[in-house]
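Examination of the molecular architecture
Each chain, written out:
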Amino acid sequence: QDTDKKMTEFWLISAPGEKTCQQTWEKLHAATTKHNNLSTNSKFNIPDLKVGTLDVLVGLSDELAKLDSFVEGVVKKVAQYMGDVLEDSKDKVQENLLANGGKVLIAPLFPFILQGVNQIDNDLKARASAYNNLKGNLQNLERKNAGSLLTRSLADIVKKEDFVLDSEYLVTLLVVVPKLNYNDWVKHYETLAEMVVPRSSNVLFEDQDSYLCNVTLFRKAVDDFKHKAREYKFMVRDFQYNEEEMKADKEEMNRLSTDKKKQFGPLVRWLKVNFSEAFIAWIHVKALRVFVESVLRYGLPVNFQAMLLQPNKKTMKKLREVLYDLYKHLDSSAAAIIDATMDIPGLNLSQQEYYPYVYYKIDCNLLEFK
């Protein structure tokens, strides 16, 4: 299909059976194809459902409208979270969002739909919360291992041999030296305080702006050294070499990273399955709404044809006109209002999308990812 011409929205409409329902279908199909294929159409078969009283149907109509927007919300949430989880592979989202290979079965199972979709909604909250938590902790650790030398973790940069350890008198400091001031460092670090060990400084690491240098001196000269270093814009990092701590940090990072990888596959599978479940439930609800609304509008015995149209992007206005001409005889009061060019105060029908025929939109644009 030419995706530029096709909308990713569908119009689910119904019209009364004429001599036969097949005739209603043929008439619509002929009208939309006569004008340069305004839409791609297919029959939308709804099995015979038990009707009940009109009062029940009116009540059901309201309940279904609420259920429709709830289920649509869950479908969107699952789809959007799939986009979040797939992070860098957004292009794979679409292929993961297939509803049951397109097969939709209809059953009038209002409470089951509500219960099932509620379950998906609650599960999504719990799973998303656990996964986001893990992702957040991992990002915090990654952030600690990135950034400027003044703030980032040094655990993966320094080695045991960079320090004088276990000495009663001597201590090794780590100093962040701006690259512009490096010559000053080389010239002055030995004389910034008394008791600095000569030639004890090396560059251990560099980023864009600074070098990380070590320097060894007597413990009692540390305060003096820090104070003097600041005047030259040399920043002494508050850092104690602790192998156990650094090892624990690394292990924590590996654990979180492994956990995230472990959870990723099952989570994507869960999202795929439950997107499909929620989407099918949504189409069930639309079908139930078409059925109830058709009976309320067209009366008994049940005799209507439901049809699914995929409009072409550029000719939607024309398609509306063709449908209007085809079906305006069904509801003369609606037709009169739609025909009236003046605005009737208090009757904002255009926003509610009221037409002489039964109409519901299935908007799959909401499930797209840029």
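Residues numbered from 1 in each chain as written. Predicted model: local features only at pLDDT ≥ 70, side-chain atom pairs only at ≥ 80, totals over all residues. Heavy atoms only, no water.

Within an unreviewed UniProt entry, the label attached to the protein reads V-type proton ATPase subunit C, and the organism entered is Nothoprocta ornata. Regarding the protein, the relevant UniProt record gives this comment under Sequence similarities (unreviewed entry): "Belongs to the V-ATPase C subunit family." (UniProt positions renumbered as here; feature names shortened; annotations may be inferred.)

Observations regarding unusual backbone geometry
With the exception of glycine, most residues fall at negative phi, and the peptide bonds are largely trans. The peptide bond linking leucine 300 to proline 301 adopts the cis configuration, its omega dihedral lying at -5 degrees. Along the chain, the position of proline 301 falls in the loop between α7 (243–298) and β7 (304–311). For lysine 233, which is not a glycine, the phi torsion comes out positive at approximately 70 degrees. Among the secondary structure elements, lysine 233 is positioned in the loop between α6 (222–231) and β6 (235–237). Residue class for lysine 233 comes out exposed when judged on its relative accessible area of 57%. (Helix = DSSP H or I, 4+ residues; strand = E, 2+ residues; numbered from the N terminus. Buried < 20%, exposed > 50% of the residue type's maximum accessible area, 1.4 Å probe, protein only.)

Some remarks on the nonpolar core
Formed by 48 residues in total, the largest nonpolar core has its most connected members in Phe44, Ile46, Val71, Tyr81, Ile113 and Leu271. Counting residues per element, the ones that place at least two in this core are α2 (54–85), α4 (110–144), α7, β7 and β8 (358–363). At 17 residues, α7 tops the list of elements feeding residues into this core. Viewed by domain, this core spans two of them, domain 1 (1–8 + 20–45 + 306–341 + 361–369) and domain 2 (49–148 + 268–300), each represented by three or more residues. Leucine 271 has contacts with Val78, Tyr81, Met82, Val85 and Leu124, leaving out every residue within four places of it along the chain. (Core = buried A, V, L, I, M, F, W, Y, C linked by side-chain atoms within 4.5 Å. Domains from an automatic or database assignment. Contact = heavy atoms within 4.5 Å.)

Considering a nonpolar patch on the surface
On the surface, Tyr169, Met195 and Phe218 cluster together into a nonpolar patch covering about 300 Å² of accessible area. As for its placement among the helices and strands, phenylalanine 218 is situated in strand β5 (residues 210–218). (Patch = residues over 30% accessible without salt bridge, like charges linked within 9 Å, V, L, I, M, F, W, Y side chains within 5 Å. Areas by Shrake-Rupley, 256 points an atom, 1.4 Å probe, with all protein chains shown as cover. Salt bridge = Lys/Arg side-chain N within 4 Å of Asp/Glu carboxyl O.)

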